[in-house]
Amino acid sequence: MNFATITKRRLASLAIASAAFCALPVFADTVTVSGVKLDDTVQVGTQSLKLNGAGVRYKVIFKVYVAALYLPEEKSTTPEVLALPGAKRVTLVMLRELSNDDLGHRFMDGLRNNLDIEERSKLIKPMITFGKMFSLVPVLKKGDILTFDWIPGTGIVCQFNGQKVGETINDPIFYSAVLRIWLGKDPADESLKQKMLNAKSS
């Protein structure tokens, strides 16, 4: 068997192997944070968003949830995130059981800690609507997922395990206030803030 024949057979074998590889199903990339798999990209409204960063929310030494921030493009500072147009998403994946009342109080505290008196006075109505949403969520268990989306032209849409809960709040300023719970001057967890703004794993 001459060299040309061997070369042709090898090229044919490579072509077959390449075709077989291309025929395999392509799975979405995921990032794992504290055992929780997060999609690298998600669809919010008509936009595809990329995972900007994710980390674990700690309360003292206990892990409470994994939080992930999805944006149209990567940003590394809070002002950049808040100024970015388009859809946005925060995903929370619970790592322990938590009552809806407890979570609701933590969220409202987070809003108050990052809004001055004048800002709060302008956001009273959406804050009340947002607070009511937590009464519609059952006891949160490990693995439960909450998402908080900003969808241009629609507003703030909250989902619990993929099902919409509460009213849609069409107020971009209030969504920025919600983001500041994690990304503001007095965030829920400073280490988590840095990971949501930068790192993609923990």
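Now for a quick tour of the structure. Nothing here was measured: the structure is a model prediction, and the numbers come from that model.

**Notes on the packing of aromatic side chains**
If you walk through the whole model with that rule in mind, you get nine aromatic pairs. Aromatic side chains F107 and F130 sit 6.0 Å apart centroid to centroid with 40° between the ring planes, which places their arrangement in the tilted category. With F107 in helix α3 (residues 100–114) and F130 in helix α5 (residues 124–133), this residue pair connects regions lying 23 residues apart in the sequence. Each ring, one from F107 and one from W182, has its centre 5.5 Å from the other, and the planes form 85°; the classification is edge-to-face. Taken as a pair, F107 in helix α3 and W182 in helix α6 (residues 172–183) lie far apart in primary sequence, 75 residues in all. You'll find F107 and W182 in the same group, each marked buried. Members of the aromatic cluster, joined through ring pairs, are F107, F130, F134, F148, F174 and W182.

**Regarding the packing of α3 against α6**
In the contact formed by α3 and α6, the axes pass within 8 Å of each other and the chain directions differ by 100°. One finds that α3 runs roughly perpendicular with respect to α6. Here F107, G110, L111 and N114 of α3 lie close against α6, whose contacting residues are F174, A177, V178, R180, I181 and W182. Its residues placed into classes, the contact of α3 with α6 shows seven nonpolar, two polar and one charged.

**Some words on the sheet that holds strand β9 (residues 163–169)**
Ordered in space as β3-β4-β5-β6-β7-β8-β9, the seven strands form an open sheet in which the pairing is antiparallel. Every interior strand has two partners, whereas the edge strands, β3 (41–44) and β9, have only one. Here the average twist between neighbouring strands, direction ignored, is 25°. Summarising the sheet, strand β5 (residues 62–71) and strand β6 (residues 88–94) pair through six bridges and their orientation is antiparallel. The residue bridging L69 from the neighbouring strand is V90, located in β6. Packing of α5 onto the sheet brings it into contact with β7 (145–151), β8 (155–160) and β9, and relative to β9 it is tilted by some 170°. Of the strands in this sheet, β5, β6, β7, β8 and β9 touch α6, which is tilted by about 45° from β6.

**What to know about a nonpolar patch on the surface**
Where nonpolar side chains cluster on the molecular surface, the patch consists of V60, I61 and F62 and spans about 370 Å² of accessible area. Positionally, I61 belongs in the loop between β4 (47–59) and β5.

**Describing the pattern of salt bridges**
Scanning the entire structure with this criterion turns up six salt bridges. Of the charged contacts, one joins K122 and E118 as a salt bridge, the two residues approaching to 3.5 Å between their closest N and O atoms. With K122 and E118 both in helix α4 (residues 117–122), this residue pair falls four residues apart, about one helical turn. Taking the relative accessible area as the measure of exposure, K122 reaches 61% and is therefore exposed.

**A word on the pairing of β4**
Taken together, the four bridges between β3 and β4 define a ladder with antiparallel strand orientation. Following the sheet pairing, V44 is matched in β4 by Q47. Where β3 hands over to β4, the hairpin turn is made up of two residues, of which G45 adopts a positive phi near 65°. Here β4 runs beside β5; their pairing, made up of nine bridges, is antiparallel. From the neighbouring strand, K50 faces β5, where its bridge partner is L71. Connecting β4 to the antiparallel partner β5 that follows it, the hairpin turn spans two residues, and V60 within it adopts a positive phi of roughly 60°.

Conventions we followed
- Residues numbered from 1 in each chain as written.
- Predicted model: local features only at pLDDT ≥ 70, side-chain atom pairs only at ≥ 80, totals over all residues.
- Heavy atoms only, no water.
- Phe/Tyr/Trp six-rings, centres within 6.5 Å; stacked < 30°, edge-to-face > 60°.
- Helix = DSSP H or I, 4+ residues; strand = E, 2+ residues; numbered from the N terminus.
- Buried < 20%, exposed > 50% of the residue type's maximum accessible area, 1.4 Å probe, protein only.
- Axes fitted to C-alpha atoms, helices over the stretch in contact; angles between N-to-C directions.
- Parallel < 35°, antiparallel > 145°, perpendicular 65-115°, else oblique.
- Contact = heavy atoms within 4.5 Å.
- Nonpolar A, V, L, I, M, F, W, Y, C, P; charged D, E, K, R; others polar.
- Pairing = 2+ DSSP bridges.
- Patch = residues over 30% accessible without salt bridge, like charges linked within 9 Å, V, L, I, M, F, W, Y side chains within 5 Å.
- Areas by Shrake-Rupley, 256 points an atom, 1.4 Å probe, with all protein chains shown as cover.
- Salt bridge = Lys/Arg side-chain N within 4 Å of Asp/Glu carboxyl O.

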